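Breakdown of the fold
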Amino acid sequence: MEQKIIEVNGLRKEYGDFVAVENLNFSIGKGEIFGIVGPNGAGKTTTLKMLGGLIRPSRGNIAMKGLDMSRDSVEIKSFLGFLPEESPLYEGMSVDDYLIFFAELYGVGKSEAKKRIRNLLFDLSLNADGKRIGDLSKGMKRKVAIARSLINDPDILIYDEPASGLDPMTSRYITDYVRSLKKAGKTVIFTAHNLYQVESLCDNILIMKNGTEIIQGTAEHIRQEYGKIQYRLEFRVDNLAGYGLAEVKQVNGDYVIVTDDIDIVNNTTKWVAARGGDIVEMRTIVPSLEDIFLSIMGIELFAD
Ligand code: ADP
């Protein structure tokens, strides 16, 4: 079997008695975009910090490119780019000086650093015009932090909520930028607290809650496991006497049933025909991944 670029086994993190992350297992192929989604407190940031080698797991292991994080974290970090949820930036520095500073920390030579910075700023359409970081908008600061995460030309990017809290245009821009990173052959693992941007972006998705996995796989897989297709049938009859197949609502003088059982749809159609009524409309309702996510979270909330 082809070796995955990231392999995570039995990952767990405790803070005292509190278990923030429990028994996570996943693997990520080279060039994949992997999204970790869950509500606040699900354990997403804790997971990313372990993947970035910033905190040590209580149990389990992380391997990247066949190297073991517990032994080879220095080497692993040389090909990682990490974007924290809140990036502390040096407010008084200009964007160029700031990025050159980080390039030097990674041992990138000055002329190469300048070239990279020029390309990154262009790709991110960030025109800072010599401004101090402290004077930039929130979205521009996020772009600076993203540029910084890429300055060492890493193969694996670990991004905590890259597009959250930004205006819709910048958020969309960053989402598109992450897609372009994949095209450039990078592997990206990122978190989000809703599925809204994740659905079209990710090859695989891990949904977490209370530190544990709820489900993982492709959007299609998650849809198959959780997303029931429903049928909505609208019909017209003189009266409903004797109809007992499903709950009926009245809409604009017609009757409507919504069911996931195709037999009920068929039997209702026959019943309407036998009464001399009409079928007004028959529609299939396919839930979005976001609908499924909310329903998973809802079910879990009421499960215990
Ligand atoms: P998410 O990123 O999904 O919002 P986090 O990974 O930040 O979740 O947090 C998961 C849980 O772990 C939360 O309940 C949080 O309060 C707790 N937690 C995170 N960091 C610490 C810490 N350093 N000490 C104690 N508890 C922590």
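Every value quoted in this text rests on a predicted model; they were computed, and no experiment measured them. (Residues numbered from 1 in each chain as written. Predicted model: local features only at pLDDT ≥ 70, side-chain atom pairs only at ≥ 80, totals over all residues. Heavy atoms only, no water.)

Before going further, it helps to spend a moment on the nonpolar core. Among the nonpolar cores identified, the biggest contains 52 residues, and Tyr159, Phe190, Ile205 and Ile207 are the most heavily contacted of them. Here the element with the most residues in this core is helix α3 (residues 95-105); it accounts for six residues. In this structure Ile205 touches Gly35, Val37, Leu195, Val198, Ile215, Gln216, Gly217, Ala219, Ile222 and Leu289, once residues within four positions along its chain are discounted. By size, the runner-up hydrophobic cluster in this structure holds 26 residues, among which are Leu51, Met64, Leu80 and Met208. (Core = buried A, V, L, I, M, F, W, Y, C linked by side-chain atoms within 4.5 Å. Buried < 20%, exposed > 50% of the residue type's maximum accessible area, 1.4 Å probe, protein only. Helix = DSSP H or I, 4+ residues; strand = E, 2+ residues; numbered from the N terminus. Contact = heavy atoms within 4.5 Å.)

Moving on: the domain arrangement of the protein. For the protein, the assigned domains read domain 1 (4-218) and domain 2 (230-285). The C-alpha-based centres of domain 1 and domain 2 are spaced at 50 Å. (Domains from an automatic or database assignment.)

The next subject is the pattern of salt bridges. Taken as a whole, this structure holds 19 salt bridges when the rule is applied. One salt-bridge network, held together by shared partners, links Arg232, Glu234, Glu281 and Arg283. (Salt bridge = Lys/Arg side-chain N within 4 Å of Asp/Glu carboxyl O.)

This part is about the packing of aromatic side chains. Applying the stated criterion across every chain, the model contains eight aromatic pairs. Between the aromatic rings of Tyr90 and Tyr98, the centroid separation amounts to 5.9 Å while the plane-to-plane angle is 55 degrees, which identifies the pairing as tilted. On the basis of relative accessibility, which here comes to 45%, the residue Tyr90 falls in the partly exposed class. Overall, the relative accessible area of 0% leaves Tyr98 in the buried class. Their ring planes at 80 degrees and their centres at 5.3 Å tell us that Phe101 and Phe102 sit as a pair that is edge-to-face. Overall, the relative accessible area of 33% leaves Phe101 in the partly exposed class. By relative accessible area, which is 10% here, Phe102 ends up buried. In this structure, Lys65 packs its charged tip against the face of Phe79, placed 4.1 Å from the ring centre. (Phe/Tyr/Trp six-rings, centres within 6.5 Å; stacked < 30°, edge-to-face > 60°. Lys NZ or Arg CZ within 6 Å of the ring centre and 35° of its normal.)

Moving on, we come to the sheet that holds strand β1 (residues 6-15). Strand order in the open sheet formed by four strands is β2-β1-β4-β5, with antiparallel pairing between adjacent strands. Two strands in the sheet have a free side with no partner beyond their single neighbour: β2 (18-28) and β5 (67-68). In the sheet, β1 pairs with strand β4 (residues 59-64) via five bridges, with the strands oriented antiparallel. Bridging from a neighbouring strand, Ile6 pairs with Met64 of β4. Contacting β1, β2 and β4, helix α1 (residues 44-51) crosses the sheet at an angle of about 120 degrees to β1. (Pairing = 2+ DSSP bridges. Axes fitted to C-alpha atoms, helices over the stretch in contact; angles between N-to-C directions.)

Another point: the packing of helix α5 (residues 138-150) against helix α6 (residues 168-183). Two elements in contact, α5 and α6, have axes separated by 10 Å at closest approach and are oriented at 15 degrees. On the basis of the axis angle, α5 is roughly parallel to α6. Remark: the crossing between α5 and α6 carries right-handed chirality. Here Gly139, Arg142, Lys143, Ile146 and Leu150 of α5 come into contact with α6, specifically with Thr170, Tyr173, Ile174, Tyr177 and Leu181. (Parallel < 35°, antiparallel > 145°, perpendicular 65-115°, else oblique. Left-handed = near helix turned anticlockwise from the far one by under 90°.)

By definition, the strands of a sheet pair up through backbone hydrogen bonds, in either a parallel or an antiparallel sense. Read from one edge to the other, the open sheet built from four strands follows the order β12-β13-β11-β14, with strand pairing classed as antiparallel. Each edge of the open sheet is held by one strand with a lone partner, namely β12 (249-251) and β14 (278-285). Strand-to-strand twist across the sheet, computed as the mean angle between neighbouring axes with direction ignored, equals 25 degrees. As paired strands, strand β11 (residues 230-236) and β14 are joined by seven bridges and run antiparallel to one another. Of the residues in β14, the one forming a bridge with Tyr231 is Thr284. Strand contacts of helix α9 (residues 262-274): β11, β13 (254-259) and β14, with the helix running at about 10 degrees to β11, the strand carrying the most contacts.

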